[in-house]
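One letter stands for each residue in the lines below.
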Amino acid sequence: MAIRTTGPSGQCDNEPGAAEAALPELLAPAGGLDQMLAAIAAGADAIYAGLGGFNARVSARGFTDDEFARGCVVAHAHGVRVYVTLNVFVFDDELADAVALGAHAQELGVDALIVADSGLACALRAAIPGVEIHLSTQAGVHSEGAVRLAADELGVERVTTARELAVDEIAALCATGVPIEVFCHGAICIGYSGACEFSALRRGRSAMRGDCTQPCRLAYDLVDEAGESVVSVEGDRLLCPRDYLGIAHLPELVGAGVASLKIEGRMKNPDYVFNVVRVWRRALDMLRDGAWDAAAVSALERELGRSFNRGFTDAYLRGRSGAELMSFERAINQGVRVGHLVTVGHEEVTVELDTAVAAGDTLEIRFYPGADARPDVPKRWPQVPCPVDAAAGERVVVHCKRKVDAGCEVYLIRSAGVLGQTATALGHMRVEADAVVPVARAVEILPFEAAMIVGDVPEAALTEPTEKGASDRMVFAWRLMDADPRGELDLSDAVVVLDEVCRAADASRTRSLMRRAGRVVCRNLGQVAMARELGVAFDVAAPVFCANRVTLAWLRGLGAGCVYVPAELVAHDAERVAELSACPGVLGPVDAGRPELMVCEHCLLTAEGACATDATGQVRCRDCSRRQQARFLVERDGTHLPVVIDACGRTRIFLS
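Quick caveat, the model's predicted, so the values are computed rather than measured.

Regarding the domain arrangement of the protein chain
Part 1 of the reasoning: Here the protein chain is described as being made up of domain 1 (25-188 + 242-307) and domain 2 (336-435).
Part 2 of the reasoning: Between domain 1 and domain 2, the C-alpha centre-to-centre distance is 33 Å.
Part 3 of the reasoning: Taken together, the contacts link 17 residues of domain 1 with 17 residues of domain 2.
Part 4 of the reasoning: For the pair domain 1 and domain 2, the summed buried area comes to about 1500 Å², and 63% of that belongs to carbon and sulfur atoms.
Part 5 of the reasoning: Seen at the junction of domain 1 and domain 2, the total is 1 salt bridge.

Next up, the structure:
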């Protein structure tokens, strides 16, 4: 495979030949200046970071203005671009401040802004001439139609797709010609990004506002109608996925034409950023130089395992989302396997190594006490320091006072080598950053108003009521998979609430519903594009998230009638959305009767054991008998949350 380099926004510097593919940008996270410098030292092509508020990691330490400006100067000196995340949804009283922050970021040296809120994207475009905007994964882009709509109607220069997409779906999005950014490594939300109100409705802190409490990492039980547990897997982290690991699919992703490979981790330490970025840099260079092979992939994966991870999975890229996706046993660092115990003595054990370790590495011994163990036996696995450097195949004696058994697996969970190499690299980069004298760029902010921002949409779009339709009968599309499996029902008197997700496999069913329904409620941008193409009457609801009047005007400009505000806004921000809610045609949550906490591609019923298959070995979710039985996810406080699995195998969790 011939490889070309890329220019700004992942655009190619020269026209490709038939057999060529562009080398994508390597995009690294930075939660502070040290992480930013570590990413530059490790070979990142671009860095994304939060600056102040309005970003999806509000608890990250972040930067001072001086640190960020210095970091931008150092980055640009190394040919590295810098993006700032403004990827939360904003209220009317925050729009001006969010725009001002975007302009301020440009003054300090940023190259592009990553945005989720459509109204904010419109406001930034109107107020800051020449601003480059990338659409965040929080906007929930799953389809070609959504990509084209974002590029044509929002004017974004790049789109970050949902993590759940398979390689062939990513390739189809790249074929639109819009630069596509995909996640390649790091932590995954089990729920579809932008479609999760779990933290907001159960904990009072919104993921859509950057303050997620990570309910997917907590312990749960899954019970039947009688309250009996049906879980058969080891562990209770039923919503905790492993970390995304796409490195084995790098040739496919490059061949698909992705513009940017994004590493998750704005909450991670500098050593994580340094190690993960340098391994991915090495992988891209190997692919460019024709040195790619299976053995190389295995070695790269082991190196990545030396940094924080919850175990790794490439299930989504392979079009899978079953139990192999999950880290049921624990939601903390799992490290990488380095060997097993061969003998156990008095306060010492002997480890036979599969891979090299170094003096100062922290090793973890995976010892399972068993059901008959005394109650005082510690549940946490013993962690012990490695005393010497040793190569694969060697044996090392390690001090361990806790009871363990021969045969236990041993994992490296903290690498002294990675920490030392990071410290050395940071020392050099800090000297460079300290010598910088940043000079602020002048950025003009133009005045903006909602009606003006969206071009031809008159002010009446915000004040005149829109006819909702002849019928109040509302049905949810995911329920129709079972009630109307052949797509034969007459829905002309119904408002059909479409699914939150619209991927390639959903397109045919969605089109059929649109043609038969009296009206539809679109819940992602792909469905909006489809409804406009078919000329059907449509409304919009979350995860098409509307929290301000500019977003409302933009949606009306696309042709939307009614706009349903999300349940979490009504629950926690009713006063702030009062002005929006007063607009005719703005309604309460579409799922007000039973608010949905999250939707995920993973089937939660796989915690009960392997799925049944048909005569050909295929899993047929539609025929699954488990789906017909009541299931509840039980929180630690005893709260029972209803769980429903649709005929596609997607999980929906509802407020009790």
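Structural notes on the packing of aromatic side chains
Part 1 of the reasoning: Tallied over the full model, the rule gives 5 aromatic pairs.
Part 2 of the reasoning: When the ring of Phe 63 is compared with that of Phe 68, the centres are 5.4 Å apart and the planes differ by 85 degrees; the resulting orientation is edge-to-face.
Part 3 of the reasoning: The exposure class of Phe 68 is buried, given its relative accessible area of 0%.
Part 4 of the reasoning: For the cation-ring pair, Arg 163 lies above Phe 183, with the distance from its terminal atom to the ring centre recorded as 3.8 Å.
Part 5 of the reasoning: Sitting above the plane of the Tyr 48 ring, Lys 262 keeps its charged end 4.5 Å from the centroid.

Some thoughts on empty space enclosed by the protein
Part 1 of the reasoning: In this structure the tally under the stated criterion is 3 cavities of 30 Å³ or more.
Part 2 of the reasoning: Taken as a whole, the largest cavity encloses approximately 150 Å³ of empty space.
Part 3 of the reasoning: Looking at the largest cavity, it is lined by 19 residues, and the ones nearest its centre are Glu 197, Arg 523, Ala 542, Pro 543 and Asp 591.
Part 4 of the reasoning: Within this model, the second largest cavity holds a volume of roughly 100 Å³.
Part 5 of the reasoning: Phe 89, Ala 116, Ser 118, Ala 139, Leu 525, Pro 543, Val 544, Phe 545, Thr 551, Trp 554 and Leu 555 are the residues that line the second largest cavity.

Details of helix 6 (residues 167-174)
Part 1 of the reasoning: Turning to helix 6, its buried residues number three or more, namely Val 167, Glu 169, Ile 170, Leu 173 and Cys 174. Across the axial projection of helix 6, the buried residues extend over an arc of 160 degrees, all falling on one side.
Part 2 of the reasoning: Taken together, the buried residues of helix 6 touch helix 5 (144-154), strand 9 (180-186) and helix 8 (250-256).

Some points on the environment of Asp 361
Part 1 of the reasoning: Mapped onto the elements, Asp 361 comes out in the loop between strand 15 (348-353) and strand 16 (362-366).
Part 2 of the reasoning: A relative accessible area of 0% means that Asp 361 is categorised as buried.
Part 3 of the reasoning: C-alpha separation for the pair Asp 361 and Ala 416, spaced 55 residues apart in sequence, amounts to 4.9 Å.
Part 4 of the reasoning: Polar side-chain contacts of Asp 361 include one of 2.7 Å to the backbone nitrogen of Ala 416.

Re the packing of helix 1 (residues 33-42) against helix 11 (residues 416-434)
Part 1 of the reasoning: Packing of helix 1 against helix 11 leaves a shortest axis separation of 9 Å and a crossing angle of 110 degrees. Classified by the angle between their axes, helix 1 and helix 11 sit roughly perpendicular to one another. Together, Asp 34, Leu 37, Ala 38, Ile 40 and Ala 41 of helix 1 and Ala 425, Leu 426, Met 429, Arg 430 and Ala 433 of helix 11 make up the contact between the two elements.
Part 2 of the reasoning: For the contact of helix 1 with helix 11, the residue count by class is 8 nonpolar, no polar and 2 charged.

Here we look at the pattern of salt bridges
Part 1 of the reasoning: In this structure the tally under the stated criterion is 53 salt bridges.
Part 2 of the reasoning: Close ionic contact of Arg 330 with Glu 364 constitutes a salt bridge, the shortest N to O distance being 3.0 Å. You can see Arg 330 sitting in the loop between strand 13 (312-313) and strand 14 (336-345) and its partner Glu 364 sitting in strand 16, a full 34 residues away along the chain.
Part 3 of the reasoning: With a closest N to O distance of 2.7 Å, Arg 631 and Glu 608 form a salt bridge. Residue Arg 631 is found in strand 27 (residues 631-634), and its partner Glu 608 is found in the loop between strand 26 (596-600) and strand 27; the two are separated by 23 residues along the sequence. Residues Arg 631 and Glu 608 agree in their burial class; the two are buried.
Part 4 of the reasoning: The structure contains a network of salt bridges with shared partners spanning Glu 169, Asp 499, Glu 500, Arg 503, Asp 506, Arg 509, Arg 523, Glu 596, Glu 601, Asp 646, Arg 650 and Arg 652.

The rules behind each value
Residues numbered from 1 in each chain as written. Predicted model: local features only at pLDDT ≥ 70, side-chain atom pairs only at ≥ 80, totals over all residues. Heavy atoms only, no water. Domains from an automatic or database assignment. Contact = heavy atoms within 4.5 Å. Buried area = accessible area lost by both parts, 1.4 Å probe. Salt bridge = Lys/Arg side-chain N within 4 Å of Asp/Glu carboxyl O. Phe/Tyr/Trp six-rings, centres within 6.5 Å; stacked < 30°, edge-to-face > 60°. Buried < 20%, exposed > 50% of the residue type's maximum accessible area, 1.4 Å probe, protein only. Lys NZ or Arg CZ within 6 Å of the ring centre and 35° of its normal. 1 Å grid on protein atoms, 1.4 Å probe; cavity = no way out; pocket = protein on both sides within 12 Å on 5 of 7 lines; lining within 4 Å. Points joined across faces, edges and corners; volume = space filled by probe spheres on them. Helix = DSSP H or I, 4+ residues; strand = E, 2+ residues; numbered from the N terminus. Arc of directions from axis to C-beta. Polar contact = N/O pair within 3.5 Å; in protein donor to acceptor, adjacent residues only side chain to side chain. Axes fitted to C-alpha atoms, helices over the stretch in contact; angles between N-to-C directions. Parallel < 35°, antiparallel > 145°, perpendicular 65-115°, else oblique. Nonpolar A, V, L, I, M, F, W, Y, C, P; charged D, E, K, R; others polar.

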